[in-house]
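The chain contents come next:
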Amino acid sequence: MASSTVPGRKHRFRGDRHLFSASDDTTMLNQLRATHAPDGRDIDVKPLLHIIEDIFYRAAPTIPGSTQGDQAHMDALDDKAFQAGYGELIELLAFTINKISNEIVCKCSGSGDAHTTTLSIFNMVSNYSWDAKVVLALAAFAVYYGDFWLIAQLYTVNSLAKSVAILKQLPEIMENPDSLKPKFEAIGNLIRAMVNVTNCIVEFKELPPQYITADTPVYESADALIPTAAYWIIRSTLACASQIAGLISMSNEYISSTTEAWELSSLAHKVSSIYEHLRKQLDLCYQQIDEKKHIEAYQLLIRTFETPHLDNMKILRLLIYSKDDQLPLWDGSGNKIVCLLFTPLLLSVVALTKFYFTQKIEKFMIKVSIDVLRRRNVLLLITDLDFSHEELSILDQMYQESRQHPARVESQYEVVWLPVVDRSSPWDDKKQKQFEALQSMMPWYTVYHPSLIDPAVLRYIKEVWHFSKKPMLVVLDPQGRVTNPNALYMMWIWGALAFPFTRTREEALWAEEKWRLDLLADAIEPMIFQWIKDQKYICLYGGEDLEWIQKFTAKLHDTAKAAQIPLEMLYVGKSNLKEKIRKINDAITAQGFSQVLPDVTLVWYFWVRLESMWHSKVQQGKTVQDDPIMQEIVTMMSFDAGDQGWALISKGATEMTKAKGETIMICLNNFDIWKEDVPEKGFVQAIIDYLQMNQTPHHCNRLILPGTTGSVPDKVVCAECGRAMEKFIMYRCCTD
């Protein structure tokens, strides 16, 4: 080896060490644009780029101390590169690639000016678009780079490669891995930067023109940077090729030099800076595109819901993202709970709840097409991931009961769960597990994943259907029309008997109702129906003051005994006090005060039904002044909102009286005053007359209006005195 060859190779391209200070960007861009004369050919260069990436990753240095490309990444590239049908493309571009490759080899073999050579390559690809220019030049360098590493990797195991390597003195080079490491790392860093920028340029070319136009400022900014990016990518390929050429037939003295590694690092910094800026502009372009797509999708939803259809498929495919090759729904009918018996409505809510959270659930869900919902009545269950266990268990029980007789009219509907997830926070393992846990408990259809619900659909759900936090049940008829924006209230009140859950059906059901005990306490305790049938006096009472409960239950039992009436008492607790009510239940049961609901889920259901009745009546425009049932509902809700206990005493289903805890205790303590009226008027009527004769002129009722899914009335009057109540805003969660 002649050492005299070293200096020429060391300065193979003049000016590289001063590439930042010596280059005049304006002059360079003018020269570059002078070479740009595209002929309008539109070439998809992505398959070629996949092959280029594959070469770069597989050509990672195999010398000791170096790191191979990630195997999973290489396998993925392999799939992209060799399944892309690139044959015709390579045949079309092979001549140009070889021509550029020869130019690179020729210029790297002797001294020359990097800028002039770069412009020469641009002249070779003048008829191509900017993305094609870059990919063609990168492909030419990949051939040269891959050829070098192919020999370097095979020379120890392949005789032909060994002979070629000896002629190129590669074994001598590979015997000095520590000296080569800075150079190889610098080349690798620059190649990664070049590939990143190239991918950005290709992405930019593929931006959909219907969503972002050339006169958009962010588009103009990115477009103006593309020629500069293309220039420095091609110039960087020459610098890398020069370094590879410099390794061939070099002496150890030259190999130990780190100057060229520094020059490559400077170029890598330049190209990486271009990438960061281009990536930022590209992300801004995507943001504008997403915004326009979002507006377009939202407006399409509005128009589609306003347009009549033959069936519900178009609506459902907009609500649940569905491609031809994708099954977007889970069929939850395979979710089985071992040994669960479907008894009449809510009789086994306790067992159901316990099985949900203490027993293993057998999950046999399968993915299905959205076509299973074609021309069906569809109830869209809309919740977030904090869907309460009480609501889910009771809704499940109602659904399962309706499925016991498939031929009945009230069974002719399907439920689909649409989870509303906050897209502003990342989807993590915790959310995934929370989603899967809820999904595994649902026997109806659910979306396969929340990501299948487009952001425009989430916006529509929130802005048009007014979803906030509380669950909703939006009803679509077989043609996809919304017949009820929220039928959950009807479901809580009447269950599947409310089918088809329309406003007309709601009005018809209310027309048949009057205020009665079995409307108030429907199915929360099956014995109530037997007590009514046996003509027993029934007392429902609530509150959270255990001392008052002890005094009241004892006093009422004594009064009933004195009045010689059969009495049954049932404690229905207080809303939003799960743990405290459980403790009170235990105390009542232990001391034998009265009957209690066997699970706090039923306590919750008792009060949510009252809230649902209030919502339903408000939606119909009913008020305390013009609707007797509304008056009774508001009174019961004010009892629950108050600090003291309360009691409702009835005989049969319709003869009822009620009062706050202090008032009813005064009445019972004064039994001697009105006991003579009991034989003639009856126990309930005697209490009613006493309370009317002894009303206190001053009182204060509190009312907490439930929910946020509808508008809160501007005026609410007291159910007792008819005066307008003062308006406050209360935020409340579980107060345990």
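Bear in mind the structure is a predicted one, so any value in this text is a computation, not a measurement.

Caption draft 1: Representation of the sheet that holds strand S16 (residues 655–660) within the structure. Ordered by their spatial adjacency, five strands build an open sheet running S14-S13-S12-S15-S16, and the pairing between neighbours is mixed. Looking along the sheet, the strands with just one partner apiece sit at the ends: strand S14 (595–596) and S16. Its contacts with the sheet place helix H24 (residues 546–563) against strand S12 (537–542), strand S13 (567–573) and strand S15 (646–651), and it is angled at close to 160° to S13. Helix H28 (residues 661–669) contacts S15 and S16 of the sheet and is inclined by roughly 110° relative to S16.

Caption draft 2: Molecular detail of the sheet that holds strand S10 (residues 472–476). The seven strands are arranged S6-S3-S9-S8-S7-S10-S11 in an open sheet whose pairing can be described as mixed. At either end of the open sheet lies a strand with only one pairing partner, and these are strand S6 (366–368) and strand S11 (482–484). Between one strand and the next, the sheet's axes are offset by a mean angle of 35°, whatever the strand orientation. Where S10 and S11 come together, two bridges link them in antiparallel fashion. Bridge assignment links Leu476 to a residue of S11, and that residue is Val482.

Caption draft 3: Molecular detail of empty space enclosed by the protein. This model, assessed by the stated rule, comprises two cavities of 30 Å³ or more. Looking at the largest cavity, its volume works out to about 50 Å³. Lining the largest cavity we find Leu379, Leu395, Met398, Tyr399, Tyr413, Val415, Trp444, Leu473 and Met491. Considering every element that reaches the lining of the largest cavity, the biggest residue donor is helix H17 (residues 389–402), with three residues.

Caption draft 4: Layout of the nonpolar core. Counting residues in each nonpolar core, the largest one holds 104 residues, and the members touching the most others are Leu540, Tyr541, Phe552, Phe606 and Phe683. When residues are assigned to domains, this core turns out to be shared by domain 2 (312–339 + 363–499) and domain 3 (517–725), each giving three or more.

Caption draft 5: Region of interest: unusual backbone geometry. With an omega of 10°, the peptide bond running from Phe499 to Pro500 counts as cis. Along the chain, Pro500 turns up in the loop between helix H20 (488–494) and helix H21 (503–512). Phi is positive for Gln535, which is not a glycine, with a value near 60°. Locating Gln535 in the fold gives a position in the loop between helix H23 (527–533) and S12. With relative accessibility at 45%, the residue Gln535 sits in the partly exposed group. A positive phi angle, close to 55°, is found at Gln564, a residue other than glycine. As for its placement among the helices and strands, Gln564 is situated in the loop between H24 and S13.

Caption draft 6: Geometry of the packing of aromatic side chains. This structure, assessed with the given rule, holds 32 aromatic pairs. Centre to centre, the rings of Phe305 and Tyr460 are 5.1 Å apart; their planes meet at 10°, and the pair counts as stacked. On the criterion of sequence distance, the pair formed by Phe305 in helix H14 (residues 259–306) and Tyr460 in helix H19 (residues 455–463) is long-range, its members being 155 residues apart. Neither residue differs from the other here; Phe305 and Tyr460 are each classed as buried. Aromatic side chains Trp492 and Tyr605 sit 6.3 Å apart centroid to centroid with 75° between the ring planes, which places their arrangement in the edge-to-face category. Taken as a pair, Trp492 in helix H20 and Tyr605 in helix H26 (residues 600–619) lie far apart in primary sequence, 113 residues in all. The same class applies to Trp492 as to Tyr605, namely buried. Aromatic ring contacts, followed pair by pair, group Tyr399, Tyr413, Trp444, Phe499 and Phe501 into a single cluster. For Arg403, the ring lying beneath its charged end belongs to Tyr413, and the centroid distance is 4.9 Å. Directly above the aromatic system of Trp510 lies the positively charged group of Lys617, at a separation of 4.2 Å from the ring centroid.

Caption draft 7: Helix H12 (residues 217–247), seen in detail. Taking 1.5 Å of rise per residue, the 31 residues of H12 would be expected to cover 45 Å, and the 46 Å separating its terminal C-alpha atoms lies within 8% of that figure. Remark: the principal bend of H12, roughly 30°, maps to Ile226, with a proline, Pro227, within the next four residues.

Caption draft 8: Structural detail: the packing of H17 against H26. Where H17 meets H26, the closest approach of the two axes is 10 Å, and the angle between their N-to-C directions is 80°. Judged by the angle between their axes, H17 and H26 are roughly perpendicular. Along its contact with H17, which presents Glu390, Glu391, Ser393, Ile394 and Met398, the element H26 presents Thr601, Trp604 and Tyr605.

Caption draft 9: View of the pattern of salt bridges. By the definition in use, this model includes 30 salt bridges. As a salt-bridge pair, Glu513 and Arg516 come within 2.5 Å of each other at their nearest N and O atoms. A residue is classified by how much of its surface remains accessible, and Glu513, at 15% relative accessible area, is buried. Counted as one network, the salt bridges with shared partners bring together Asp311, Arg317, Asp371 and Arg374.

Caption draft 10: Looking closely at H28. For H28, the set of buried residues is Gly661, Ile664, Met665, Cys667 and Leu668. An end-on view of H28 places all buried positions within 160° of arc, on one side of the element. Buried-residue contacts for H28 involve H24, S15, S16, helix H29 (671–674) and helix H31 (683–693).

Rules of the game
Residues numbered from 1 in each chain as written. Predicted model: local features only at pLDDT ≥ 70, side-chain atom pairs only at ≥ 80, totals over all residues. Heavy atoms only, no water. Pairing = 2+ DSSP bridges. Helix = DSSP H or I, 4+ residues; strand = E, 2+ residues; numbered from the N terminus. Contact = heavy atoms within 4.5 Å. Axes fitted to C-alpha atoms, helices over the stretch in contact; angles between N-to-C directions. 1 Å grid on protein atoms, 1.4 Å probe; cavity = no way out; pocket = protein on both sides within 12 Å on 5 of 7 lines; lining within 4 Å. Points joined across faces, edges and corners; volume = space filled by probe spheres on them. Core = buried A, V, L, I, M, F, W, Y, C linked by side-chain atoms within 4.5 Å. Buried < 20%, exposed > 50% of the residue type's maximum accessible area, 1.4 Å probe, protein only. Domains from an automatic or database assignment. Phe/Tyr/Trp six-rings, centres within 6.5 Å; stacked < 30°, edge-to-face > 60°. Lys NZ or Arg CZ within 6 Å of the ring centre and 35° of its normal. Expected span 1.5 Å × (residues − 1). Bend = angle between axes of the 7 residues up to and from the residue. Parallel < 35°, antiparallel > 145°, perpendicular 65-115°, else oblique. Salt bridge = Lys/Arg side-chain N within 4 Å of Asp/Glu carboxyl O. Arc of directions from axis to C-beta.

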